[in-house]
Amino acid sequence: MRESEKEKKIFLSYCGSRDQELLTGRKRMTLGDMERFSFLTEFFGLESYGLNLWKEFGDDVEEPLDALIKLLDEWEHENDTWIDDDGRLERWLVEFQKHAPTKEKREKLRKMIDLKYKKRGLPYPTEADFD
């Protein structure tokens, strides 16, 4: 089994039902979903699978990605703060952990996230951080 296939199997085992549907093609992938999955696979050290996600679903998000790039290139949107939503990544982590299929998987994700945050000297993110 190739590294990417191993990583895919691992990642899918932690995904909630909505993410499972997206990653198995039962639901259409959006650019926002791809951005979130790219972040999550990188955060959890599954870079090979993260790259293969773009190979598998890149065509699905090509049009909105091109539109976003064009928008970002336009000077009048240069200082838009919505592009740099600082809490977005932490929300993705919390939601991913919250929707893991079992209590054991949720706890394991929590420990992995907590360890990475402790290494950076940061507290574990919680939903209360986003209210």
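Residues numbered from 1 in each chain as written. Predicted model: local features only at pLDDT ≥ 70, side-chain atom pairs only at ≥ 80, totals over all residues. Heavy atoms only, no water.

## Observations concerning the pattern of salt bridges
What counts here: Should a side-chain nitrogen of Lys or Arg be within 4 Å of a carboxyl oxygen of Asp or Glu, the pair is scored as a salt bridge. Segments assigned H or I by DSSP are reported as helices when at least four residues long, segments assigned E as strands when at least two residues long, and all are numbered from the N terminus. Only protein chains enter the accessibility calculation, which uses a 1.4 Å probe. A residue is then buried if its area is under 20% of the maximum for its type, exposed if over 50%, and partly exposed in between.
One pass over the full model with this rule turns up 8 salt bridges. The salt bridge partner of Lys 8 is Glu 56, with a shortest N-O separation of 3.9 Å. Here Lys 8 is found in helix H1 (residues 3–14), whereas its partner Glu 56 is found in helix H4 (residues 47–73), with 48 residues between them in sequence. Owing to a relative accessible area of 41%, Glu 56 belongs among the partly exposed residues under this scheme.

## Section: the packing of aromatic side chains
The following threshold applies: Only rings of Phe, Tyr and Trp enter the pairing, Trp through its six-membered ring, and a pair is recorded when the two centres are within 6.5 Å. The plane angle decides the type: under 30 degrees is stacked, over 60 is edge-to-face, the rest tilted. Whether a charge lies above a ring is judged from NZ of Lys or CZ of Arg, which has to be within 6 Å of the ring centre and within 35 degrees of the ring normal.
Across all of its chains, the model carries 8 aromatic pairs by this definition. Note on Phe 39 and Phe 43: the rings are 5.8 Å apart at their centroids and 40 degrees apart in plane angle, and the pair reads as tilted. Taken together, the positions of Phe 39 and Phe 43, both in helix H3 (residues 31–43) and 4 residues apart, correspond to about one turn of that helix. Accessibility expressed as a relative area gives 18% for Phe 39, which makes it buried. Both rings, one in Phe 43 and one in Tyr 117, keep their centres 6.4 Å apart while their planes meet at 50 degrees; by these two values the pair is tilted. Of the two residues, Phe 43 is situated in helix H3 and Tyr 117 in helix H6 (residues 103–119); the sequence distance between them amounts to 74 residues. In this pair, the class of Phe 43 matches that of Tyr 117, namely buried. Three or more aromatic residues joined by ring pairs make a cluster, and in this case those are Phe 11, Phe 37, Phe 39, Phe 43, Phe 44, Tyr 49, Trp 92, Phe 96 and Tyr 117. Looking at Arg 110, its charged tip hangs above the ring of Tyr 124, at a distance of 4.1 Å from the centre.

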